[in-house]
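What follows is the residue order along each chain.
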Amino acid sequence: MKKSLSTRIFIGLFSGLIFGSIIQYFLADISFFSGTIVELASGAGTMFVNMIMMLVVPLVFVSIVCGVCELKDLNSFGRLGGKTFGFYIINTLVAIFAALGVALLLAPGKGVDMSSGGGVDIVATELPNLVDLIVSIVPSNPITAFGSGNMLQVIFMALLLGGVIKSLGEAAQSAVNGFQVANKIMMKLISVVMQLAPIGVFALMLKLGATLEAAIFGSVVEYLALIIGLLLLWIFVVYPFAVGLFTQTSAKEFRAKTREQILFSLSTASSNATIPVTMRTLTEKLGVNRSVAGFGVPLGATMNMGGVSIYITIAIFFVANAFGAPISMEQLPALLFSIFLLSVGAGGVPGGGMVMIGVLIHQMGLPIEAFAIVAALDRLIDMVLTSCNVVGDTAVLTIVNETEKDADAKLAPAQAQTQVQAQAQA
């Protein structure tokens, strides 16, 4: 019997990690294994991620245009956009305040003296300005936006084009048909590429297992366990509970249907690379409307960063405590606002959270040496926080889809009454 894709990804994930660990601890002196095999695995893993990323921008653009065109009317587009954006913001804020509460209660890094660690230089970067972030959403050059993979700009262009096509009605039906065909082509391409996922996952995890330095974890194991524990709580308890509370999908069912998504995101550590899997999980497994998924998934991969919010919050408290510069209550408002902006700006790429923590370390005047600790542990944390991000996208959009059903149900009697009155007048 042929194993499911999620099972094969699971096998690739752990077999790659085990084989990589064997290379690091038992075969490190043999250059063929520690050199050639690891380099080949690194190349294969990079090719797989690049293949996924190659499809992300056209998939996002086509999916959003199709999603807008499939809406009943432009009023529902405004309602859907407002709800999705609002729920994402609420999700990120809840994650930040929950992590803040845990950090204040447990004080990670307190009593640990890391001030003698080696330095790692990071580039000084200004905190993102909210006005600049909003202004940059409108691209001056669409080709540059596509070439650079700027998701906010791609989303803006897709929304604009989809809205215009929808407003033209029957006159633009051929364009709608064209985008629907393009969407089918993109989904087929994703299915083809996903068949290579077990091999790609194996290669990525082999490289990780062969190069991860376990010795450095000793003094910061509590910090690591705290972040991962909190992220796992969000993935397996908080999000399933929220879905079970607000929709007809049970928490157990939600956990089962997001398994493939979790395993894939663990290996790629990229919300953007997981977009195709998230899209399929929503539409094929959870029955979410394609217009909701097509609009919400790319937006969520860009700005719904509950996992990153938890990571940045716990990490900055750990660094501050471990390096003898604890954060005061007076600093909290500015810190929380910065974490929110940085979480949104982290993007859906591997290492985004680590870069933003580096920015915050610099901006808050904390020791630059702290970045070495964050960087050493980032790859392991990044896998779990990416899973938290993408499962958060799925949970939010499942709830949004349920509210859209309720809105349509309430709207139907009013529309029927209007039609009856119109017929009576005729």
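Only a predicted model underlies this, so the values are computations on that prediction, with no experimental measurement involved. (Residues numbered from 1 in each chain as written. Predicted model: local features only at pLDDT ≥ 70, side-chain atom pairs only at ≥ 80, totals over all residues. Heavy atoms only, no water.)

## Quick notes on the overall build of the protein chain
When its secondary structure is counted, the protein chain shows 17 helices and zero strands. Looking at the protein chain as a whole, 50% of its 426 residues are labelled buried. Carbon and sulfur atoms make up 66% of the accessible area of the protein chain, which amounts to about 19300 Å² in all. (Helix = DSSP H or I, 4+ residues; strand = E, 2+ residues; numbered from the N terminus. Buried < 20%, exposed > 50% of the residue type's maximum accessible area, 1.4 Å probe, protein only. Areas by Shrake-Rupley, 256 points an atom, 1.4 Å probe, with all protein chains shown as cover.)

## Quick look at the confidence of the model for the protein chain
Detail in the predicted coordinates should be disregarded across regions flagged by low pLDDT. Per-residue confidence for the protein chain gives a mean pLDDT of 80; residues scoring 70 or more make up 78%. Confidence scores differ between elements of the protein chain, with helix α4 (residues 130-135) showing the lowest mean pLDDT of 67 and helix α10 (residues 251-257) the highest of 94. Confidence drops under pLDDT 50 across residues 117-128; counting only partners more than four residues distant or on other chains, this segment forms 27 contacts. (pLDDT = per-residue confidence, 0-100. Contact = heavy atoms within 4.5 Å.)

## Notes on the pattern of salt bridges
One pass over the full model with this rule turns up four salt bridges. One salt bridge in this structure joins Glu404 and Lys83, with 2.6 Å as the shortest N-O distance. Of this pair, Glu404 sits in helix α17 (residues 370-425) while Lys83 is found in helix α3 (residues 74-106), placing the two residues 321 residues apart along the sequence. Its relative accessible area of 7% is what places Glu404 among the buried residues. With a closest N to O distance of 2.5 Å, Glu260 and Arg280 form a salt bridge. With Glu260 in helix α11 (residues 259-268) and Arg280 in helix α12 (residues 275-285), this residue pair connects regions lying 20 residues apart in the sequence. Like Arg280, Glu260 is buried. One salt-bridge network, held together by shared partners, links Glu260, Arg280 and Lys285. (Salt bridge = Lys/Arg side-chain N within 4 Å of Asp/Glu carboxyl O.)

## Quick notes on the packing of aromatic side chains
For the structure on display, the rule yields six aromatic pairs. Here the aromatic rings of Phe32 and Phe33 are separated by 5.3 Å at their centres, their planes lie at 80 degrees, and the arrangement is edge-to-face. Taken together, the aromatic side chains of Phe61, Phe146 and Phe179 make up a single cluster linked through ring pairs. (Phe/Tyr/Trp six-rings, centres within 6.5 Å; stacked < 30°, edge-to-face > 60°.)

## Some details on the packing of helix α8 (residues 197-211) against α11
Working note: a packed helix pair is described by the angle between its axes plus the distance between those axes. Packing of α8 against α11 brings their axes to within 9 Å, and their N-to-C directions diverge by 45 degrees. As judged from the angle between their axes, α8 and α11 are oblique. In this structure, the crossing between α8 and α11 has a hand that is left-handed. Contact residues: α8 offers Ala197, Val201, Leu204 and Met205, while α11 offers Phe264, Ser267 and Thr268. Class assignment of the residues belonging to the contact of α8 with α11 gives a composition of five nonpolar, two polar and no charged. (Axes fitted to C-alpha atoms, helices over the stretch in contact; angles between N-to-C directions. Parallel < 35°, antiparallel > 145°, perpendicular 65-115°, else oblique. Left-handed = near helix turned anticlockwise from the far one by under 90°. Nonpolar A, V, L, I, M, F, W, Y, C, P; charged D, E, K, R; others polar.)

## Focus on the nonpolar core
Across soluble globular proteins, nonpolar side chains have a tendency to be buried as a group. Ranked by internal contacts, the top residues of the largest apolar core, which has 117 residues, are Met194, Tyr223, Tyr311, Ile314 and Ile381. The leading source of residues in this core is helix α2 (residues 31-69), at 15 residues. Beyond its immediate chain neighbours, meaning those up to four positions away, Tyr223 contacts Tyr311, Ile314, Ala315, Phe318, Leu377 and Ile381. Of all hydrophobic cores here, the second largest spans eight residues; its members include Ile23, Ile37, Ala41 and Ala203. (Core = buried A, V, L, I, M, F, W, Y, C linked by side-chain atoms within 4.5 Å.)

## With respect to the side chain of Thr258
Residue position: Thr258 is located in the loop between α10 and α11. For Thr258, a relative accessible area of 1% gives the class buried. A distance of 3.2 Å separates a polar atom in the side chain of Thr258 from the backbone oxygen of Arg255. Setting aside residues up to four positions removed in sequence, Thr258 forms contacts with Thr281 and Thr394. (Polar contact = N/O pair within 3.5 Å; in protein donor to acceptor, adjacent residues only side chain to side chain.)

## Some thoughts on unusual backbone geometry
Positive phi, normally seen in glycine, also occurs at Ala107, with a value near 45 degrees. Following the sequence through the fold, Ala107 ends up in the loop between α3 and α4. For Ala107, a relative accessible area of 21% puts it in the partly exposed group.

## Section: the packing of α11 against α12
For the pair α11 and α12, interaxial distance at closest approach is 9 Å and the crossing angle is 180 degrees. When the interaxial angle is binned, α11 and α12 end up roughly antiparallel. Along its contact with α11, which presents Glu260, Gln261 and Phe264, the element α12 presents Val277, Thr278, Arg280, Thr281 and Lys285. Residues that form the contact of α11 with α12 fall into these classes: two nonpolar, three polar and three charged.

## Examining the environment of Leu104
You can see Leu104 is positioned in helix α3. The exposure class assigned to Leu104 is partly exposed, which follows from its relative accessible area of 44%. In the structure, Leu104 is positioned 213 residues away from Phe317 in sequence and 8.4 Å away in space, judged by C-alpha atoms. When sequence neighbours within four positions are dropped, the list of residues in contact with Leu104 reads Phe317 and Leu332.

## Structural notes on the side chain of Thr249
Within the secondary structure, Thr249 sits in the loop between α9 (221-246) and α10. Leave out the neighbours within four places in its chain, and Thr249 touches Val243, Gly244, Phe254 and Leu286.

## Focus: helix α14 (residues 306-322)
With 17 residues, α14 ought to run about 24 Å at 1.5 Å a step, and its terminal C-alpha atoms sit 24 Å apart, in line with that. Most of α14 sits out of view: 17 of its 17 residues are buried. Looking one or two places after α14, you find Gly324, whose phi comes out positive at around 70 degrees. (Expected span 1.5 Å × (residues − 1).)

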